Amino acid sequence: MAAVQETVDRVRRIDVDQYRYGFETVIESDKAPKGLSEDTVRFISAKKNEPAWMLEWRLEAYRRWLTMTEPKWARVNYPKIDYQDLYYYSAPKPKKQISSLDEIDPEILKTYEKLGIPLREVEVLEGVVRPEGERRIAVDAVFDSVSVATTFQKELKQAGVIFMPISEAIREHPDLVKKYLGTVVPTSDNYFATLNSAVFSDGSFVYVPPGVRCPMELSTYFRINERNTGQFERTLIIADKGAYVSYLEGCTAPQRDENQLHAAVVELVTLDDAEIKYSTVQNWYPGNSEGVGGIYNFVTKRGDCRGNNSKISWTQVETGSAITWKYPSCILRGDNSRGEFYSIAISNGHQQVDSGTKMIHLGKNTTSRIISKGIAAGVSQNTYRGLVTAHRKATGARNFTACDSLLIGDKCGAHTVPYIEAKNSSALFEHEATTSKISEDVLFYCVQRGLSQEEAVGLVVNGFVKDVLQQLPMEFAVEAQKLISISLEGSVG
Amino acid sequence: MPLLEVKNLQVRVEEREILHGLSLTVNKGEVHAIMGPNGSGKSTLSHVIAGKPGYEVTGGEILFNGEDLLEMSPDARAAKGVFLAFQYPVEIPGVATMTFLRTALNAQRKARGEGEYSTPDFLKKVREVAARLNIPQEMLRRGVNVGFSGGEKKRNEVLQMALFEPSLCILDEMDSGLDIDALRVAADGVNALRSPDRAMVVITHYQRLLNYIVPDFVHVMSKGRVVKSGGKELALELEASGYAQFEDAA
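Parameters at a glance
Residues numbered from 1 in each chain as written. Chains lettered and ligands numbered in written order. Predicted model: local features only at pLDDT ≥ 70, side-chain atom pairs only at ≥ 80, totals over all residues. Heavy atoms only, no water. Helix = DSSP H or I, 4+ residues; strand = E, 2+ residues; numbered from the N terminus. Rg over C-alpha atoms; globule rule 2.2 N^0.38 Å. Buried < 20%, exposed > 50% of the residue type's maximum accessible area, 1.4 Å probe, protein only. Contact = heavy atoms within 4.5 Å. Areas by Shrake-Rupley, 256 points an atom, 1.4 Å probe, with all protein chains shown as cover. Lys, Arg positive; Asp, Glu negative; His and termini not counted. Charge placed at Lys NZ, Arg CZ, Asp CG, Glu CD. Pairing = 2+ DSSP bridges. Phe/Tyr/Trp six-rings, centres within 6.5 Å; stacked < 30°, edge-to-face > 60°. Lys NZ or Arg CZ within 6 Å of the ring centre and 35° of its normal. Buried area = accessible area lost by both parts, 1.4 Å probe. Salt bridge = Lys/Arg side-chain N within 4 Å of Asp/Glu carboxyl O. Polar contact = N/O pair within 3.5 Å; in protein donor to acceptor, adjacent residues only side chain to side chain. Axes fitted to C-alpha atoms, helices over the stretch in contact; angles between N-to-C directions. Parallel < 35°, antiparallel > 145°, perpendicular 65-115°, else oblique. pLDDT = per-residue confidence, 0-100.

**Brief notes about the overall build of chain B**
- The helix and strand tally for chain B stands at ten helices and twelve strands.
- Relative to the 2.2 N^0.38 estimate, which gives 18 Å for 250 residues, the radius of gyration of chain B is 18 Å and therefore close to what a compact globule would have.
- Based on the C-alpha atoms only, the size of chain B along its principal axes is roughly 55 × 40 × 35 Å.
- Burial analysis of chain B (250 residues in total) assigns 53% to the buried set.
- Long-range contacts, defined as pairs at least 24 residues apart, comprise 69% of the intrachain contacts of chain B with a sequence gap of at least 6.
- Carbon and sulfur atoms provide 47% of the accessible area of chain B, an area that totals close to 10600 Å².
- Across chain B, the 29 positively charged side chains and the 33 negatively charged ones have centroids separated by 5 Å.

In structure tokens:
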């Protein structure tokens, strides 16, 4: 605890005003003191060498957050969060500037391996140069809020793609950040998004210039290391006119005893004819068999199809976290724009999932598609909550929704809460929903062929979610398939 | 040592006794037919041998190659060579038949301590067996039994039997839902698998199936017991006189 005390003392000595306009900091401590105050916000901003406008933006969000109350409408239960009992910033041990990947701590690389991150990406991290022409993945690794490695910068630079930690983008591309940050998820959006706006630590920034197809999949791995450190990632992805980018996000966390708060914000913007494909595999620690521990995941993800003929596609595989509160959404503002949401949400043990999407049809002839597969096992609760809405000017809006739930055992629950609002008589919305139990006969058929109970469940579930798995990039699909089987271990007696 | 020995088996389902002391001995190379009216316990017997949950064995034992089968999990029994061809094979949406076959075969091999098949070896084996059974490759890419006709489902069962090479095949009402042509194809597939190392137990209502799969022994079940055993001529006798004569015997 000495280090923390030292930090506290040091922060106390700092005259925060000196950072209001400054880009320099003398702070070398790696952790903000516990609790949340304007000083915490200033500390984080100072740690990031942020310009004054960014600090002001954060402070404004913080002040607004103070006036807000935590939402209670989701079908999740958790003990009251003491926001003053959390750390809002932590960084890996101070390091010198990294000039090459060889300088990354081998321990960190080892962790990646343990997390089952595909060999190819480990190679990328280890700086192995692969032959020309092979499909590559750029990894911007986020360890406890700070990016420690960014790869393939050169090739991306050639294409004109900006892919960097958002903290750097704030300094290096302030005009772009100012233009787009908070325009999809405003600082006032909701309790958790507002909190994130005040204290976000880091995240990714992507800008793909007009007409550019990003030459590789962009991938970020988030990982939570420090005990009691809230994670407040902030990601902003912009696809300019006619641009295309596919972004992959994967998360894991090691076992811990105390609940951890995670409140990320992801904003996507597509201009005319642009497309963003955003894929997530999330397997944070879900808590132990008694439901103790595990991550609280309150995420605001939203895409804005700002331009005509633009497209945003969300694909998510949610297997972890004690609490999941997450609704990746699309604002279909441009005419002929399209939103997609493909989701697999698995809950086992004591997990609680309240997830879904919002498709907000504003432009003309906008289309959206929702395929949601919820799987509940153990004593978990799994809720799909979705909104499909057509503005009165959104002529020709179309949506297709299919929500399927699969129950394993008789102590879990699956719930579907679809909201449908059509304010335009030409809107055509279709909704299909099914709830089924994994059949004893199917399981027996599989075990009679030699599969164990768990293999049988894994196989049946992977079949159930196949339509969504197919939406994932290849590397992720394989990983996700394994993850699904692992996360259902122990779900049958 | 007999391959399968069922001794004085008593089985309950939800407090109701279905089998009241059934005994049956099956040796390698033999084909046994079990006939009997609805509710006589034929399917129960096949389920209990395969290890389906929901049945309570209250007495007796089942030995397989001298080992206590009732102590084994259903998947362990499968790995040991017990195969049940289902009366109504289930559909598993989203799981390609090929994937299913490979997963199951490798699971069995792993349980026996044998190496898993490599993809080329496996594909070669499946294609060979499928061609013999007149199963098109396209069918193997579809979800397990999804959208299969009755005949296709049964052929898929025979395909698995041929692929897994079990030492005991139990065919539960294989003829149900099949027209005469489909029945012939399935029966031909089964006959091709008859071997001195393998035994079959064919469960059926009707003598018809036994025209195609000719048994060495026929057992008549009634009210949870074997009430009469004989050679293949017993089946013909039953066809002529019906089951009523055995109702009293039970």
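Here the narrative resumes, following the displayed structure.
**Description of the overall build of chain A**
- Within chain A, the regular secondary structure consists of 13 helices and 21 strands.
- For chain A, the proportion of its 493 residues judged to be buried stands at 61%.
- Look at the contacts in chain A between residues 6 or more apart in sequence, and 83% of them connect residues 24 or more apart.

**Some details on the pairing of strand E15 (residues 338-347) of chain A**
Residues and elements named next belong to chain A.
- Most of E15 is tucked away, with nine of its ten residues classed as buried.
- Across eight bridges, the pairing between strand E12 (residues 311-318) and E15 is parallel. Across the sheet, residue Ser 313 finds its bridge partner in E15, namely Glu 340.
- Of the pairings in the sheet, the one linking E15 to strand E17 (residues 367-376) comprises ten bridges and is parallel in character. Residue pairing in the sheet places Tyr 342 in a bridge with Ile 371 of E17.

**A word on the packing of aromatic side chains**
- One pass over the full model with this rule turns up 23 aromatic pairs over all chains.
- Taking the centre distance of 6.3 Å and the plane angle of 55° together, the rings of Phe 83 of chain B and Phe 164 of chain B count as tilted. In this pair, Phe 83 of chain B sits in strand E6 (residues 82-85) while Phe 164 of chain B sits in helix H6 (residues 150-164), placing the two residues 81 residues apart along the sequence. The burial state of Phe 83 of chain B is the same as that of Phe 164 of chain B; both residues are buried.
- Chaining the aromatic ring pairs together yields one cluster made of Tyr 62, Trp 65, Trp 73, Tyr 78, Tyr 83, Tyr 191, Phe 192, Tyr 296, Phe 298, Trp 325 and Tyr 327 of chain A.
- Between Lys 373 of chain A and the ring centre of Phe 464 of chain A, over which it is positioned, the NZ or CZ distance is 5.0 Å.
- Over the ring of Tyr 117 of chain B we find Arg 109 of chain B; its NZ or CZ atom is 4.3 Å from the centre of that ring.

**A word on the interface of chain A and chain B**
- Contacts between the two partners involve 17 residues from chain A, matched on the other side by 28 residues from chain B.
- Of the roughly 1900 Å² buried where chain A meets chain B, counting both sides, 69% is carbon and sulfur surface.
- Area buried by chain A at its contact with chain B is led by Phe 444, Tyr 445 and Arg 449 of chain A, which between them contribute 41% of it.
- Here chain A and chain B share two salt bridges between them.
- Summed over the shared surface of chain A and chain B, the number is nine residue pairs in polar contact (both at pLDDT 80 or more).
- Elements supplying a minimum of two residues to the side of chain A that touches chain B: helix H10 (440-448) and helix H11 (453-464) of chain A.
- The element contributing the most residues to the side of chain A that touches chain B is H10 of chain A, with seven residues.

**A few points about the packing of H6 of chain B against helix H7 (residues 180-192) of chain B**
Residue and element names in this part refer to chain B.
- It is the contact of H6 with H7, at a shortest axis distance of 9 Å, that shows an interaxial angle of 0°. Taken together, H6 and H7 sit at an angle that is classed as roughly parallel. Note on element contacts: H7 touches H6 through Ala 182, Val 185, Ala 186, Gly 189 and Val 190, opposite Gly 151, Arg 155 and Val 158.

**Quick word on the sheet that holds strand E3 (residues 31-35) of chain B**
Residues and elements named next belong to chain B.
- Overall, mixed pairing links the six strands, which are arranged E6-E9-E10-E3-E11-E12 in an open sheet. The strands lining the two open edges of the sheet, one partner per strand, are E6 and strand E12 (225-230). When the angles between neighbouring strand axes are averaged without regard to direction, this sheet yields 20°.
- Both E3 and strand E11 (residues 217-222) contribute to a ladder of four bridges, which runs parallel. What sits directly across from Ile 34, in E11, is His 219.

**A few points about unusual backbone geometry**
All names here are of chain A.
- A positive phi is found at Asp 273, a non-glycine position, where the angle reads about 60°.
- In this structure, Asn 336 is a non-glycine residue whose phi angle is positive, near 60°.
- Assessed through its relative accessible area of 40%, Asn 336 is described here as partly exposed.

**Considering the sheet that holds strand E1 (residues 4-13) of chain B**
Residues and elements named next belong to chain B.
- A sheet is described by the order of its strands in space; here four strands give the open sequence E2-E1-E4-E5, paired in antiparallel fashion. With one partner strand each, in any of the chains shown, strand E2 (16-26) and strand E5 (67-68) form the two edges of the open sheet.
- In the sheet, E1 pairs with E2 via eight bridges, with the strands oriented antiparallel. Paired with Leu 9 across the bridge in E2 is Leu 22.
- The sheet contacts of helix H1 (residues 42-50) involve E1, E2 and strand E4 (56-64), and relative to E1 the element is tilted by about 110°.

**What to know about the pattern of salt bridges**
- Under the definition given, this model contains 32 salt bridges over all chains.
- Among the salt bridges present, the one from Asp 354 of chain A reaches Arg 385 of chain A, with a minimum N-O distance of 2.7 Å. Here the residue Asp 354 of chain A occupies a position in strand E16 (residues 352-361), and Arg 385 of chain A occupies one in strand E18 (residues 381-390), the gap between them amounting to 31 residues. Like Asp 354 of chain A, the residue Arg 385 of chain A is buried in the burial classification.
- Across the pair Asp 441 of chain A and Lys 52 of chain B runs a salt bridge whose closest N-O atoms are separated by 3.3 Å. Taken as a pair, Asp 441 of chain A in helix H10 and Lys 52 of chain B in the loop between H1 and E4 lie in two separate chains rather than in one.
- Asp 441 of chain A gets classed as partly exposed once you look at its relative accessible area, which sits at 39%.
- Overlapping salt bridges bring together Glu 275, Lys 311, Arg 338 and Glu 340 of chain A as one network.

**Focus on the confidence of the model for chain A**
All names here are of chain A.
- Residues of chain A with pLDDT of at least 70 account for 76%, and the chain-wide mean is 79.
- In the model, residues 1-28 has pLDDT below 50 throughout and makes 38 contacts with residues more than four positions away in sequence or in other chains.
- Within the model, the stretch residues 93-101 combines pLDDT values under 50 with 13 contacts to residues more than four positions away or in other chains.

**Digging into H10 of chain A**
All names here are of chain A.
- In terms of residue burial, H10 counts as a mostly covered element, since seven of its nine residues are buried.
- Considered for burial, the residues of H10 that qualify are Val 442, Leu 443, Phe 444, Tyr 445, Cys 446, Val 447 and Gln 448.
- N-cap assignment for H10: the residue whose side-chain oxygen lies 3.1 Å from the backbone N of Asp 441 is Ser 439.
- Positive backbone phi, at 110°, marks Gly 450, one or two positions downstream of H10.

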